[in-house]
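Listed below, chain by chain, are the residues.
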Amino acid sequence: MASTKPPAGQFNMLYFAAASTYAKKQSEHLKAPLPVSELFDTLEQLYPGIKEKVLSSCMLTVNLGYVDLDDAAGIKIKEGDEVAIIPPVSSG
Amino acid sequence: MDGGFPSDWRNDVLAALSQPVEEAPNTWPLTQQEYKRYGRQLIMPEIGLQGQLKLKNAKVLVIGVGGLGCPAIAYLAGAGVGTLGLVDGDVVEESNLHRQILHTVGGIGEAKVDSARRFVKELNPLVKIEEYKVRISGDNALQMIAPYDVVLDCTDTPASRYLISDSCVLLGKPLVSASALRTEGQLTIFNYPPRPAGDPAGGPCYRCIFPSPPPPEAVTSCGDGGILGPVVGVMGLLQALETIKAITAAGSADATAFSSFAEPAVNPPTMLTFSAYSSPQFRSIRLRPRKKGCASCSAEATVTAEALTSGSMDYIQFCGLTHPVNILTPKERVSALQYAEARKNISLSGKSHQVVDVREKVQFDLCHLYGSINVPFSIVSSLRNATTEVVQTPVLQQLKTSIGKGGGEPVFVVCRLGNDSQVAVRKFKELGFDGGGKIWIGDVRGGLKAWREDVDPSFPEY
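None of these values were measured; they are calculated from a predicted model.

(A) The overall build of chain B, seen in detail. When you go through chain B residue by residue, the secondary structure sums to 20 helices and 13 strands. Whereas a compact globule of 462 residues would reach a radius of gyration of roughly 23 Å, chain B reaches 30 Å, over 25% beyond that. Projected onto its principal axes, the C-alpha coordinates of chain B cover approximately 120 × 55 × 45 Å. Residue burial in chain B is summarised as follows: out of 462 residues, 41% are buried. Pairs at least 24 residues apart make up 67% of the contacts formed inside chain B by residues separated by at least 6 positions.

(B) Examining the overall build of chain A more closely. Summing up its helical and strand segments, chain A has three helices and seven strands in all. Reading chain A from its N terminus to its C terminus gives the helix and strand order β-α-β-β-α-α-β-β-β-β. A compact globule built from 92 residues should have a C-alpha radius of gyration of about 12 Å, and chain A, at 12 Å, falls within 12% of that. The principal-axis extent of the C-alpha atoms belonging to chain A is close to 35 × 30 × 25 Å.

(C) Region of interest: the sheet that holds strand β11 (residues 373–374) of chain B. Residue and element names in this part refer to chain B. Across the sheet, five strands lie side by side as β9-β13-β12-β10-β11; this open sheet has parallel pairing. Each edge of the sheet is formed by a strand with only one pairing partner; in this case those strands are β9 (333–334) and β11. Two elements, strand β12 (residues 411–414) and strand β13 (residues 441–444), share three bridges in a ladder whose sense is parallel. By the bridge assignment for β13, V411 is matched with I441.

(D) Structural view of the nonpolar core. Residue and element names in this part refer to chain B. In terms of nonpolar packing, the biggest core is built from 104 residues, with V60, L61, V62, I73, L84 and V151 touching the most fellow members. If you tally residues by element for this core, the top one is helix α11 (residues 229–249), at nine residues. Sequence-distant contacts of V151, defined by excluding residues within four places in its chain, comprise L61, I63, I145, I164, C168, K173 and L175. Ranked by size, the runner-up nonpolar core spans 24 residues in total, among them A336, V356, V380 and L399.

(E) The arrangement of the environment of T104 of chain B in detail. Inspection of the secondary structure assignment puts T104 of chain B in the loop between β2 (83–87) and α6 (112–123). Put simply, T104 of chain B and E94 of chain B are ten residues apart on the chain and 8.7 Å apart in space, counted from C-alpha to C-alpha.

(F) Broad picture of helix α19 (residues 420–430) of chain B. Residues and elements named next belong to chain B. Along α19, the residues that are buried comprise D420, S421, Q422, A424, V425 and F428. Buried positions along α19 lie against α16 (377–381), β12, β13 and α20 (447–454). Phi for G432, located one or two positions after α19, is positive at around 80°.

(G) Focus on the UniProt feature "binding site: Zn(2+)" (unreviewed entry) in chain B. Residue and element names in this part refer to chain B. Sites flagged by UniProt as "binding site: Zn(2+)" (unreviewed entry) map to C205, C208, C294 and C297. Their sequence span is 93 residues, while the largest C-alpha to C-alpha distance among them is just 8.7 Å; these annotated residues converge on one region. For C205, the location among the structural elements is in the loop between β6 (184–190) and α9 (206–209). Judged by local crowding, C205 falls into the buried class, with 30 C-beta atoms found within 10 Å.

(H) Up close: α20 of chain B. All names here are of chain B. Residues G447, L448 and W451 constitute the buried set of α20. In an axial view of α20, the angular spread of the buried residues amounts to 120°, which keeps them on one side of the axis. In this structure, the buried residues of α20 make contact with α14 (336–348), β12, α19 and β13.

(I) Structural view of the packing of helix α5 (residues 69–79) of chain B against α11 of chain B. All names here are of chain B. The geometry of α5 relative to α11 is characterised by a closest axis approach of 7 Å and an angle of 35° between their N-to-C directions. For the pair α5 and α11, the sense of crossing is right-handed. Note on element contacts: α11 touches α5 through G233, G236, L237, Q239, A240, T243 and I244, opposite G69, C70, P71, A72, Y75, L76 and A79. Tallied by class, the residues present in the contact of α5 with α11 amount to nine nonpolar, five polar and no charged.

(J) Highlighting the UniProt feature "binding site: ATP" (unreviewed entry) in chain B. When the UniProt feature table is mapped onto this chain, "binding site: ATP" (unreviewed entry) is found at G67, D88, S95, N96, L97, H98, R99, K112, D156 and T157 of chain B. Structurally, G67 of chain B is set in the loop between β1 (59–63) and α5. Excluding residues that lie within four positions of it along the chain, G67 of chain B makes contacts with G92 of chain A together with R99, Q100, A180, C222, I227, V232 and G236 of chain B. Within the secondary structure, T157 of chain B sits in the loop between β4 (150–153) and α8 (158–171). Its 20 C-beta neighbours within 10 Å are what place T157 of chain B among the buried residues.

(K) Layout of the pairing of strand β7 (residues 270–275) of chain B. Residues and elements named next belong to chain B. Across five bridges, β6 lies against β7 in antiparallel orientation. Within β7, the position partnered with G185 by the bridge is F274. Bridging between β7 and strand β8 (residues 282–286) involves five bridges; their strand directions are antiparallel. Within the sheet, the bridge partner assigned to T270 lies in β8 and is R286. Where β7 hands over to β8, the hairpin turn is made up of six residues, counted between the paired strands.

(L) Quick look at the domain arrangement of chain B. Annotation of chain B at the domain level lists domain 1 (32–319) and domain 2 (330–454). Taken over C-alpha atoms, the centre of domain 1 of chain B sits 44 Å from the centre of domain 2 of chain B.

(M) Examining the interface of chain A and chain B more closely. Taken together, the contact between chain A and chain B spans 24 residues of the former and 39 residues of the latter. Counting only elements with at least two residues in the side of chain A that touches chain B, the list comes to α1 (17–23), β4 (59–62) and β5 (65–67) of chain A. For the side of chain A that touches chain B, the per-class residue count stands at 13 nonpolar, nine polar and two charged.

(N) Quick look at the confidence of the model for chain B. Overall, the predicted model of chain B reaches an average pLDDT of 91, with 91% of residues at or above 70. Predicted complex, confidence summary: ipTM 0.94, pTM 0.89.

About the criteria used
- Residues numbered from 1 in each chain as written.
- Chains lettered and ligands numbered in written order.
- Predicted model: local features only at pLDDT ≥ 70, side-chain atom pairs only at ≥ 80, totals over all residues.
- Helix = DSSP H or I, 4+ residues; strand = E, 2+ residues; numbered from the N terminus.
- Rg over C-alpha atoms; globule rule 2.2 N^0.38 Å.
- Buried ≥ 20, exposed ≤ 12 C-beta atoms within 10 Å, placed from the backbone.
- Contact = placed C-beta atoms within 7 Å.
- Pairing = 2+ DSSP bridges.
- Core = buried A, V, L, I, M, F, W, Y, C linked by C-beta atoms within 7 Å.
- UniProt positions renumbered as here; feature names shortened; annotations may be inferred.
- Arc of directions from axis to C-beta.
- Axes fitted to C-alpha atoms, helices over the stretch in contact; angles between N-to-C directions.
- Left-handed = near helix turned anticlockwise from the far one by under 90°.
- Nonpolar A, V, L, I, M, F, W, Y, C, P; charged D, E, K, R; others polar.
- Domains from an automatic or database assignment.
- pLDDT = per-residue confidence, 0-100.

Have a look at this one:
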């Protein structure tokens, strides 16, 4: 995973497990700032279908902290942040 | 002074000489054998005598004796956990052996629980084993979990993960949960500290973090997605470690003291993610506290023991079932035997045909039918605006050209099991590869699995 430091005006978006399979990549840089509430729609535009098939059951983190989407009003993703989509892995 | 010896010395010497020949009964807290066996961890302040006694009195339930359960069991048995309950309804298969380290060639076909018991008895006969040769379900979960102090979720389906989490909340047990797929793993201790539902000081449960299950078609098993042995091994070992930490941190050495799990300073809840090919490989994510309104652990919890046991909580239904794909008409499908016949006749008549294998390239490279061309399903399924993208996707452009050159020869699509091939046939027709119905495009029912079973037993099974 090329989790390199994002350039100015961007944040680092990480995809794990089923999310990386769907996006066909493990990370990328996206434009900041971005309200957390708009993240899923942004990703849906990039990867049509990802919302229903992956994101609906995922955990979202910003800078290694859990973000509750029901309670995310007003939270903005800032330049340089590390955002991750962590789907549940159930096999073992 | 008497005879040149200090009187203290003389008393010691006389006492030593008067020792009975037989050894006095062991009055130490552990047996001689235990001191020796556990010596290397006993001398660590994190364990010490009290920690070892807690391990000895602890009862740990390991649900799933596979890729996670095997390494966890080995280390828990090694550390001297007094009682290990082992739950698994499966038997050992050859494809388990690359990662399920308790099982051996001699155990193929045997119950995993029996195979694991044999390993533990060889490693540490002091450990007591309880066997449960069943798959965990709503009607047996609570009964099975109740006698134990800590539970390890080493299972492999979303349904079992919700069921085990709900059961642990209802019974007040800490749940050491891990999972792994391909090159990634996750580890969390749920419900730790294990407070009753509605107590915000308790640790979050599985439902707090993942309130809704993934759609069933998006769930990948190790059999379909693959798993690297050391990846799942690392996660199982971490489960053993966190279990040892939780047991030795608990209130006092007697078994009844696990209710005081909350007493020692428990770290805030985290999820450790492992990604073998990333840098950094490990990330520790700060989790939320218990979720307000959580169906399992909040004051408004709707998951009750009665609902769980009676079956009115249907975990399989909650997580959804995948149905085998069935989107083609019978005329668009042939059996493996029919295809073998067609293959022979076509070649005898000097004609040719197209075989399109839609498995991913890595699988195609393992083995494929002679003459087949590879168009990976990930490419087919991700096409959005079909027509323009064919031009931009070399492998599809080649396929189109190749079908065109064939002058109306049939196109057979195969995959591993006969699901993806149907979706691919639909897609190829949407793209107009069938020349508006002039060219027959269909799939081989049951895929290469059926080919091996019905036509060519030498075709590799993987």
